[in-house]
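Per-entry structural report
What follows is the residue order along each chain.
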Amino acid sequence: MIHYPINEIFQTIQGEGVHTGLPAIFVRLQGCPVGCSWCDTRHTWVVDPERREPSCQILDVSSNSDAWSSMCADEIRKSFSCLGYSARHVVITGGEPCLYDLSELSTLLLAEGFTVQVETSGTLEVRVHEEAWVTVSPKIGMKGGLTVLPQALSRANEIKHPVATEHHIEELDTLLQFADLRPDVQIALQPISQKKLATELAINVCIERNWRLSVQVHKYIHID
Ligand code: SF4
């Protein structure tokens, strides 16, 4: 049985990508080796044994704390009921959730009638049930020195790319040039930090290529 290091579990609205607007339970895993310069969840990077807490202390909070708790799939599922959560969509995020084999967790949640989404940087092998929705937000040239894996790109149901300048479009084109993508993969551009020029660029490219725009709705309506 796998135990996952959980940073937090909370219920909100999915603010990004294809599932924007859907009520969702977010399960945030601790640990990330990618090192993005703009990361807004730096508190999840290190799994410090000294910051391990009993599970009851990490639930239903969004405290930007580096504390974590070890929970198996069944405990995670039971926590949703304990907290009275009603959403039927579970987003497994991080940190970088693909540090861990998510097969056990995703299989249990799907069997219990949830839909499951994984949000990953694409720099680690994606190990998850085949019915889970995989969102790859490819992190290229980050400080951690990891590369985006062909396996992650070919598993992606959705590729969501942060965009600030033309350079980011070019790097996405280079990445996808030889990728073995699913025929039905959805590609979305996400303006970084709601900047005006980035948003205009993303809109223009999305229209030109028939891609989606992802605008991080949660940041406009000020929810986590
Ligand atoms: S992959 Fe995600 S959690 Fe990791 S550094 Fe980048 S933005 Fe932060």
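Residues numbered from 1 in each chain as written. Predicted model: local features only at pLDDT ≥ 70, side-chain atom pairs only at ≥ 80, totals over all residues. Heavy atoms only, no water.

1. Regarding the nonpolar core
Ile-9, Ile-76, Phe-80, Leu-102 and Leu-189 are the most contacted members of the largest nonpolar core, which has 49 residues in total. A total of five residues in this core trace back to one element, the largest contributor, which is strand S2 (residues 23-29). Other than its neighbours up to four places away in sequence, Phe-80 contacts Ile-9, Ile-25, Val-27, Tyr-85, Val-90, Leu-109 and Phe-114. The next biggest cluster of nonpolar side chains, apart from the first, holds five residues, and it includes Cys-32, Val-34, Cys-36 and Met-142. (Core = buried A, V, L, I, M, F, W, Y, C linked by side-chain atoms within 4.5 Å. Buried < 20%, exposed > 50% of the residue type's maximum accessible area, 1.4 Å probe, protein only. Helix = DSSP H or I, 4+ residues; strand = E, 2+ residues; numbered from the N terminus. Contact = heavy atoms within 4.5 Å.)

2. Some thoughts on the sheet that holds strand S9 (residues 212-213)
With respect to topology, nine strands assemble into an open sheet ordered S3-S1-S2-S4-S5-S6-S7-S8-S9, the strand pairing being mixed. Of all the strands in the sheet, the pair left with one neighbour each is strand S3 (69-72) and S9. Note that strand S7 (residues 158-163) and strand S8 (residues 186-191) share six bridges and pair parallel. The residue of S8 that forms the bridge with Val-163 is Pro-191. Against the sheet, helix H2 (residues 103-111) contacts strand S1 (3-13), strand S4 (89-93) and strand S5 (115-120), and its axis sits at roughly 150° relative to S5. Taken strand by strand, helix H5 (residues 196-209) contacts S7, S8 and S9, and its axis lies near 160° from that of S8. (Pairing = 2+ DSSP bridges. Axes fitted to C-alpha atoms, helices over the stretch in contact; angles between N-to-C directions.)

3. Thoughts on the site of the ligand
Taken together, the neighbourhood of the ligand is formed by Cys-32, Val-34, Gly-35, Cys-36, Cys-39, Thr-41, Trp-45, Gly-95 and Ser-121. Among the residues forming the shell around the ligand, the class breakdown is five nonpolar, four polar and no charged. (Near = heavy atom within 4 Å. Nonpolar A, V, L, I, M, F, W, Y, C, P; charged D, E, K, R; others polar.)

4. Some words on the side chain of Ser-69
Take Ser-69: it is sitting in strand S3. Residue classification places Ser-69 among the buried residues on the basis of a relative accessible area of 2%. Of note is the side chain of Ser-69, whose polar atom sits 3.2 Å from the backbone oxygen of Glu-53. (Polar contact = N/O pair within 3.5 Å; in protein donor to acceptor, adjacent residues only side chain to side chain.)

5. Overview of the packing of helix H1 (residues 73-82) against H2
At a minimum axis separation of 9 Å, H1 and H2 run at an interaxial angle of 40°. Taken together, the axes of H1 and H2 lie oblique to each other. The two elements H1 and H2 cross, and the hand of that crossing is right-handed. Mapping the contact onto sequence places Ala-73, Asp-74, Ile-76, Arg-77 and Phe-80 in H1 and Glu-104, Leu-105, Leu-108 and Leu-109 in H2. Its residues assigned to classes, the contact of H1 with H2 shows six nonpolar, no polar and three charged. (Parallel < 35°, antiparallel > 145°, perpendicular 65-115°, else oblique. Left-handed = near helix turned anticlockwise from the far one by under 90°.)

6. Here's the deal with a nonpolar patch on the surface
Taken together, the side chains of Ile-203, Ile-207 and Leu-213 define a hydrophobic patch exposed on the protein surface, amounting to about 270 Å² of accessible area. According to the relative accessible area criterion, Leu-213 is partly exposed, its value standing at 37%. (Patch = residues over 30% accessible without salt bridge, like charges linked within 9 Å, V, L, I, M, F, W, Y side chains within 5 Å. Areas by Shrake-Rupley, 256 points an atom, 1.4 Å probe, with all protein chains shown as cover. Salt bridge = Lys/Arg side-chain N within 4 Å of Asp/Glu carboxyl O.)

7. Thoughts on the pairing of S1
Counting buried positions along S1 gives eight out of 11 residues, so the element sits mostly inside the fold. As defined by bridge partners, S1 adjoins S3 across four bridges and the pair is classed as antiparallel. Note that in S3 the partner of Tyr-4 across the bridge is Met-71.

8. Quick notes on H1
Within the span of H1, buried status applies to Ala-73, Ile-76, Arg-77, Ser-79 and Phe-80. For H1, the buried positions fall inside an angular range of 150° around the axis, keeping them on one side. Among the structural elements, S1, S2, S3, S4 and H2 are those in contact with the buried residues of H1. Immediately downstream of H1, the backbone of Gly-84 shows phi near 75°, a positive value. (Arc of directions from axis to C-beta.)

Honestly, it's all geometry; don't read function into it.
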